[in-house]
Amino acid sequence: MDDNHLNKKFMPMTSVSNGDVQKINEDIYCLSVQIVNVIFVGSPKDDQWVLIDAGMPRSAEVIKKTAEEIYGPQNPPAAIILTHGHFDHVGALIELMEHWGAPVYAHIKEMPYLTGQEDYPHPDPTVEGGMVAKISWIFPNEGINLDEKVQPLPDDHSVPGLRDWKWVHTPGHSKGHISLFRDSDRSLIAGDAFVNVRQDSLYKVITQEKEIAGPPRYLTTDWEAAKESVKLLESMKPAVAITGHGYPVEGHELEMGLSKLAKEFDSLAKPDHGKYVE
């Protein structure tokens, strides 16, 4: 396995929620790592749990510490599931894999970026948006090489280690982006298909001001696919959503915000200009 170049990087960005752990329900926990969320799924009463995404570079210790606080020591996850492979979702991945020995799964279309074959498209600092968009040129876009230790998600949309969940292909932000959904209580883990904070605004990122918004503009390359993904997730009528950025959102706030985003995606989410905007 190649050396993890992300271990050498530290992105000097944080928010007021950094380090917070929120219990969403009996078996979903959300950890805020600087500006991104890492999700733990599984009841502490059970032996099995799964990690969704792997946070920012240099965040392995806080993720391991949180896992031990929830599930106890010497209790590794059954699997690590990636919503996608952008730097802020795989920053601690190699260190966590080596510590836990857990298998990693991602959509087959994300594989080139996780096996050293391709780099992601460069972030677009010219895209319409705030200060974070302007400085996005500093964000890593290199793929990582997990070799055979990353596997494609099952074709039947089941989620390894999570019996009652299914994965849903929600491209746009990346080619192989997925979200996860549980029918029994309509819990949604959305990744960056949509977020609950305007990710291009530095002020809103720092303060975590709630706002159901489209995917982060500076890294989204297919806006038509992104729109269709939001429409798909809205049609599933989630009761609670944990997004890749921002606080979890539920109930009427989620219903109304996601409905408005789906109906008005082009005006609310799609930027007016940028190199990935048609």
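Higher on the page you've got the structure.
Every value quoted in this text rests on a predicted model; they were computed, and no experiment measured them. (Residues numbered from 1 in each chain as written. Predicted model: local features only at pLDDT ≥ 70, side-chain atom pairs only at ≥ 80, totals over all residues. Heavy atoms only, no water.)

**Here's the deal with the sheet that holds strand β6 (residues 104-106)**
- Ordered by their spatial adjacency, 7 strands build an open sheet running β1-β2-β3-β4-β5-β6-β7, and the pairing between neighbours is mixed. Two strands bound the open sheet, and with one partner strand each, they are β1 (21-25) and β7 (150-152). Neighbour-to-neighbour, the strand axes of the sheet open up by a mean angle of 25 degrees, direction not taken into account.
- Judged from the 6 bridges that link them, strand β2 (residues 28-33) and strand β3 (residues 36-41) form a sheet pairing that is antiparallel. By the bridge assignment, serine 32 is partnered in β3 with asparagine 37. (Pairing = 2+ DSSP bridges. Helix = DSSP H or I, 4+ residues; strand = E, 2+ residues; numbered from the N terminus. Axes fitted to C-alpha atoms, helices over the stretch in contact; angles between N-to-C directions.)

**Observations concerning helix α8 (residues 251-263)**
- In a regular helix each residue adds 1.5 Å, so 13 residues correspond to 18 Å; α8 covers 18 Å between its end C-alpha atoms and thus fits that length.
- If you check which residues of α8 are buried, you get Leu254, Gly257, Leu258, Ser259, Leu261 and Ala262.
- Against the buried residues of α8 lie α7 (223-235), β12 (240-243), β13 (249-250) and α9 (265-268). (Expected span 1.5 Å × (residues − 1). Buried < 20%, exposed > 50% of the residue type's maximum accessible area, 1.4 Å probe, protein only. Contact = heavy atoms within 4.5 Å.)

**Thoughts on the pattern of salt bridges**
- Tallied over the full model, the rule gives 13 salt bridges.
- Across the pair glutamate 69 and lysine 65 runs a salt bridge whose closest N-O atoms are separated by 2.6 Å. Here lysine 65 and glutamate 69 lie together in helix α1 (residues 60-71), a separation of 4 residues that amounts to about one turn.
- Put simply, lysine 227 and glutamate 224 hold a salt bridge, and the shortest N to O gap is 3.8 Å. With lysine 227 and glutamate 224 both in helix α7 and 3 residues apart, this pair spans about one turn of that helix.
- Of the residues examined, glutamate 224 reaches a relative accessible area of 34% and is grouped as partly exposed.
- Each of the salt bridges in this network shares a partner with another, and the network as a whole consists of Glu224, Lys227, Asp266 and Lys270. (Salt bridge = Lys/Arg side-chain N within 4 Å of Asp/Glu carboxyl O.)

**Re the side chain of asparagine 145**
- The residue asparagine 145 is located in the loop between α5 (131-134) and β7 in this model.
- Here the side chain of asparagine 145 touches aspartate 147 through a polar contact of 3.0 Å, landing on its backbone nitrogen. (Polar contact = N/O pair within 3.5 Å; in protein donor to acceptor, adjacent residues only side chain to side chain.)

**Considerations on the pairing of strand β9 (residues 162-169)**
- In the sheet, strand β8 (residues 158-159) pairs with β9 via 2 bridges, with the strands oriented antiparallel. Looking at the pairing, serine 158 lines up with lysine 166 of β9.
- The antiparallel pairing of β8 with β9 creates a hairpin that spans 2 residues between the two strands, and glycine 161 there sits at a positive phi of about 85 degrees.
- As judged from the 5 bridges shared by β9 and strand β10 (residues 178-182), these two strands associate in the antiparallel manner. In the sheet register, histidine 169 faces β10, and the bridge partner there is isoleucine 178.

**Notes on the side chain of glutamate 110**
- The residue glutamate 110 is located in the loop between β6 and α4 (111-114) in this model.
- Here glutamate 110 sits buried without a salt bridge, and the closest side chain of opposite charge, lysine 175, lies 8.8 Å off (N-O distance).
- Among the polar contacts listed, one links the side chain of glutamate 110 to the backbone nitrogen of glycine 85, at a separation of 3.1 Å.
- The residues contacting glutamate 110, other than those within four sequence positions of it, are His84, Gly85, Tyr120, Ser174, Lys175, Gly176 and His177. (Lys, Arg positive; Asp, Glu negative; His and termini not counted.)

**Notes on the packing of aromatic side chains**
- Within the structure shown, the criterion is met by 8 aromatic pairs.
- When the ring of tryptophan 49 is compared with that of tryptophan 100, the centres are 5.5 Å apart and the planes differ by 85 degrees; the resulting orientation is edge-to-face. One end of the pair, tryptophan 49, is in the loop between β3 and β4 (50-52); the other, tryptophan 100, is in helix α3 (residues 93-100), with 51 residues separating them in the sequence.
- Since its relative accessible area comes to 0%, tryptophan 49 is described here as buried.
- For tryptophan 100, a relative accessible area of 16% gives the class buried.
- Taking the centre distance of 5.5 Å and the plane angle of 65 degrees together, the rings of phenylalanine 139 and tyrosine 218 count as edge-to-face. In this pair, phenylalanine 139 sits in the loop between α5 and β7 while tyrosine 218 sits in the loop between α6 (202-207) and α7, placing the two residues 79 residues apart along the sequence. Here phenylalanine 139 matches tyrosine 218 in class, with each residue buried.
- Aromatic rings pair up to connect Tyr29, Phe40, Trp49, Tyr71 and Trp100 into one cluster. (Phe/Tyr/Trp six-rings, centres within 6.5 Å; stacked < 30°, edge-to-face > 60°.)

**Focus on the environment of asparagine 196**
- For asparagine 196, the location among the structural elements is in the loop between β11 (187-191) and α6.
- Judged by relative accessible area, which is 1%, asparagine 196 ranks as buried.
- Along the sequence, asparagine 196 and isoleucine 212 sit 16 residues apart, while their C-alpha atoms lie 4.3 Å from each other.

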